[in-house]
Amino acid sequence: MKHRRIKPKMLPVIYGLIALVAIGGAYLVENALKQATFKDEDHYGYVTKTIVEDEVPVVEVKPTIIRPYNDTEIKILKSYYDYKADETSQQNALIYHDSTYMQNSGVAYGGKDSFDVVAILDGEVTEVKEDKLLGKIIQMKHDKDIISIYQSLSETSIKKGDTVKQGQVIGKSGTSNISTDLGSHLLFELIINGSTVNPEEYYDKLVSEI
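Residues numbered from 1 in each chain as written. Predicted model: local features only at pLDDT ≥ 70, side-chain atom pairs only at ≥ 80, totals over all residues. Heavy atoms only, no water.

Just checking my understanding: could you explain the nonpolar core for this structure?
Nonpolar side chains tend toward joint burial in soluble globular proteins. One finds Tyr150 and Ile170 to be the most contacted residues of the largest nonpolar core, which totals 28 residues. Secondary-structure elements contributing two or more residues to this core are β4 (107-110), β7 (135-142), β8 (146-156) and β11 (185-192). No other element matches the four residues that β11 contributes to this core. Filtering out sequence-adjacent residues up to four positions away, Ile170 remains in contact with Val117, Val118, Ala119, Ile138, Met140, Tyr150, Glu155, Thr156, Ser157, Ile158 and Val164. (Core = buried A, V, L, I, M, F, W, Y, C linked by side-chain atoms within 4.5 Å. Buried < 20%, exposed > 50% of the residue type's maximum accessible area, 1.4 Å probe, protein only. Helix = DSSP H or I, 4+ residues; strand = E, 2+ residues; numbered from the N terminus. Contact = heavy atoms within 4.5 Å.)

This is the structure we're talking about:
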């Protein structure tokens, strides 16, 4: 039996064909992998749909009553007159003017020559006036039948009918002819459901709980 041998001059041709087949196969495999890979726009579209466009639930912020000032150095100069308080506390809550003692229907805050007065809640200004005894006065109405009154002001920065945000500066402390001994101060009154209350018992309280 005779064996056929490849002629030496044909070997380069055969090797070249093998190389072409190998290169072509690699190209086909690479092209197939590219087609199977996610496109950039598909990838970004996935991120956009699952992360950016998702709605994030917003936590409801319930309003609480804040103090009518921001300065931490302010203190109580004259307390609210409480019928249920002890005799000493009641005496300290009396206002003496023109040979007459009057029960303090609010709280007098002071301790500095001048300080900003702020709104305790969002609300509408119902009155801005000047009184001979109490100085400049601002009255505001809020939700839940809450009324706040800021007295003994030296200046005001709002007018009747204005809508005010909680914490907004509405004036500055001042003096009054009814409490000259207190110096610069704010006399603050709080009325809830038609009754005057002690403001100190309502700070930081949720409006929804009143």
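Quick question: what am I supposed to make of the pattern of salt bridges here?
Pairing of side chains with opposite charge becomes possible as their charged atoms draw close. Tallying each qualifying case throughout the model produces seven salt bridges. The salt bridge involving Glu124 is made with Lys141; its shortest N-O contact spans 3.9 Å. Here Lys141 lies in strand β7 and Glu124 lies in strand β6 (residues 123-131), a separation of 17 residues in the sequence. Glu124 gets classed as partly exposed once you look at its relative accessible area, which sits at 33%. (Salt bridge = Lys/Arg side-chain N within 4 Å of Asp/Glu carboxyl O.)

Any chance you could explain the pairing of β11 here in plain terms?
The two faces of the sheet receive side chains in turn, since in a regular strand these alternate between them. For β11, a buried count of eight out of eight residues is recorded, marking the element as mostly surrounded by other parts of the structure. In this sheet, β11 lies alongside β4 in antiparallel orientation, the contact comprising four bridges. Paired with Val107 across the strands is Phe188, a residue of β11. Where β8 and β11 come together, six bridges link them in antiparallel fashion. Bridged to Ile146 within β11 is Ile192. Direction of pairing for β11 relative to strand β12 (residues 195-197): antiparallel, over a ladder of three bridges. Counterpart to Leu190 in the pairing with β12 is Val197. (Pairing = 2+ DSSP bridges.)

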